[in-house]
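# A closer look at the structure
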Amino acid sequence: MRTIIISVTDKGIKNVMLRWILLIALMSFAAAAQALEYEAKLAIRDHKFDPAELSVPANTKIKLLVENQDATPEEFESSDLNREKVVVGKGTITVLLGPLDAGKYHFFGDFHQETAQGDLIVK
Amino acid sequence: MLGTGLLVFREVLEAALIVSIVCAATRGVPHRGRWVSFGIAAGVIGAILVAFFADAISQAVSGIGQELFNATVLLAAVVMIAWHAIWMSSHGRELATQMKSVGGDVQSGKRPLSALLIVVAIAVLREGSEIVLFLYGQAASGAGPLAIAGGIGIGIVCGVLVGFLLYFGLLGIPMRYFFSATNWLMLLLAAGLASQAAGFLIQADVLPAFGNRVWDSSALLSNGSLVGKTLHTLIGYDAQPAGMQLLFYAVTAVAIAVGMKVWGGVKTSPSRVARPHAHAS
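Let us look at the structure shown here. (Residues numbered from 1 in each chain as written. Chains lettered and ligands numbered in written order. Predicted model: local features only at pLDDT ≥ 70, side-chain atom pairs only at ≥ 80, totals over all residues. Heavy atoms only, no water.)

### Some details on the nonpolar core
When a protein is soluble and globular, its nonpolar side chains tend to lie buried together. Rule in force here: The term nonpolar core refers to a set of buried residues drawn from Ala, Val, Leu, Ile, Met, Phe, Trp, Tyr and Cys, joined through side-chain atoms within 4.5 Å. Relative accessible area decides the class of each residue, using a 1.4 Å probe on protein chains only: under 20% of the type maximum gives buried, over 50% gives exposed, and in between gives partly exposed. Think of it this way: any DSSP run of H or I at least four residues long counts as a helix, any run of E at least two long counts as a strand, and we number them from the N terminus. Working rule for contacts: check all heavy atoms of both residues, and any pair within 4.5 Å makes them a contact.
Within the largest apolar cluster, 50 residues are counted, with the highest numbers of intra-cluster contacts made by B:I81, B:V119, B:M186, B:L193, B:I256 and B:M260. Those elements giving two or more residues to this core turn out to be α1 (2-25), α4 (65-102), α5 (113-140), α6 (145-171), α7 (175-203) and α9 (243-264) of chain B. Looking at this core element by element, the count peaks at 13 residues for α7(B). When near neighbours in sequence (up to four residues on either side) are disregarded, B:L193 contacts B:L74, B:A77, B:V78 and B:I81. Residues A:L42, A:V87, A:I93 and A:A116 belong to the second largest nonpolar core, which totals 22 residues.

Written out as structure tokens, the structure reads:
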């Protein structure tokens, strides 16, 4: 509040500078708020996702850990989420998502599409 | 076998389309077959290496190594295409004239063919590494060698066939417009690759998305469909693009177009007539 009063009463460059400082402070606060992450886990077993339906909160950054328990490689892919990442046999990858709007986002395993299908439920 | 063939086909198709455009763009250049073959060979070797080190790449740079690797090779391809397209726009007209008069015997001069070799290699490397990983998985989960070999055969033959169709279709373009047509195709190709690179940088959380999906045309034409995939490779079609991807697409397209105009004297530029062409012989 005080800064705003100063910026109103002051003039010229000082005024502009203070406004910028205020703006940057606000933006970094917003960024910090956004950085709060929700961690979710997804496993691949027998070329299927477990769980096949995964619920995560809306408007939050999500850190999705995909653990491939099979010995064979898989590619986690989703055009809804715009993601594409290889996960080797017995490997784990991190897929960063969001913040996402509420809704249903489909994903699949590119190498075993006949079985590896799943949905991310964002609410 | 068919399932294996289908996946191999989808990956081969993407690389084959890019190789076809490169082949069309290098029409009439002596020994270009050798350049393209070197590119493919380098891509295959690279694909095997990348697949072999997939886990190490994945774990690198605290888990975003795969994204950074993909974005880097894609952007490298963008730079190479831009370089070649701009070079061609300043020399393409003479090339077309020479081809008509001397019957295909064109002096390639200092044409940056190595740039296109890298583009071919990168296209093959990216799609090829997925094929190698997939086939390794198939083999590890007990698919017979016959099924795997058959799948590879079907996939490669079909993918290469589509590539040839595109190539011979492009050859149908009249010589007058040929090199400016292939140049614009290269421009769109580069813009699409830049958009893909932006996608990986967003995925790595290095860049903000500027809107996760600016539009959704997946009901009309999905990314997974054959046409969607083809257009994805050729002009960078994306059913659900992020804002940053569109920005990368536009900036790349405009930058190359401006480059072609400034250094190339493409059409419409009134100063073209006055500019002496050093190579016109």
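### Concerning the sheet that holds strand β1 (residues 37-45) of chain A
All names here are of chain A. Put simply, the rule is: Two strands are said to pair when DSSP picks up at least two bridges between them. All axes are obtained by fitting lines to C-alpha atoms, using only the stretch in contact for helices, and the reported angles, taken between N-to-C directions, cover 0 to 180 degrees.
Spatially, the four strands line up as an open sheet ordered β2-β1-β4-β7, and their pairing is mixed. At either margin of the open sheet sits one strand with a lone partner, and together these are β2 (48-50) and β7 (92-97). Averaged over all adjacent pairs, the angle separating strand axes in this sheet is 25°, with direction ignored. Relative to strand β4 (residues 61-68), β1 is paired through eight bridges, and the arrangement is parallel. Counted as the bridge partner of E37 is K61 from β4.

### Let's talk about the interface of chain A and chain B
What counts here: Accessible surface is computed with a 1.4 Å probe, and the buried area is the amount of it that two parts give up when combined, taken over both parts together. The salt bridge definition used is simple: a Lys or Arg side-chain nitrogen within 4 Å of an Asp or Glu carboxyl oxygen. Side-chain atoms alone can form a polar contact between residues adjacent in sequence; in general such a contact is a pair of N or O atoms within 3.5 Å, and within protein one must be able to donate a hydrogen while the other accepts it. Each residue is assigned to one of three groups, with Ala, Val, Leu, Ile, Met, Phe, Trp, Tyr, Cys and Pro labelled nonpolar, Asp, Glu, Lys and Arg labelled charged, and all others, Gly among them, labelled polar.
At the interface, 22 residues of chain A touch 32 residues of chain B. In total, chain A and chain B occlude about 2,200 Å² of area from one another, counting both sides; carbon and sulfur atoms represent 44% of this. Counting the surface chain A buries against chain B, the share from its top three residues, A:N82, A:K85 and A:F111, is 24%. For the pair chain A and chain B, the interface holds three salt bridges. Among the salt bridges present, the one from A:D110 reaches B:R10, with a minimum N-O distance of 3.3 Å. Where chain A packs against chain B, one counts 10 residue pairs in polar contact (both at pLDDT 80 or more). Elements with a minimum of two residues in the side of chain A that touches chain B: β6 (83-87) and β7 of chain A. For the side of chain A that touches chain B, the per-class residue count stands at nine nonpolar, six polar and seven charged.

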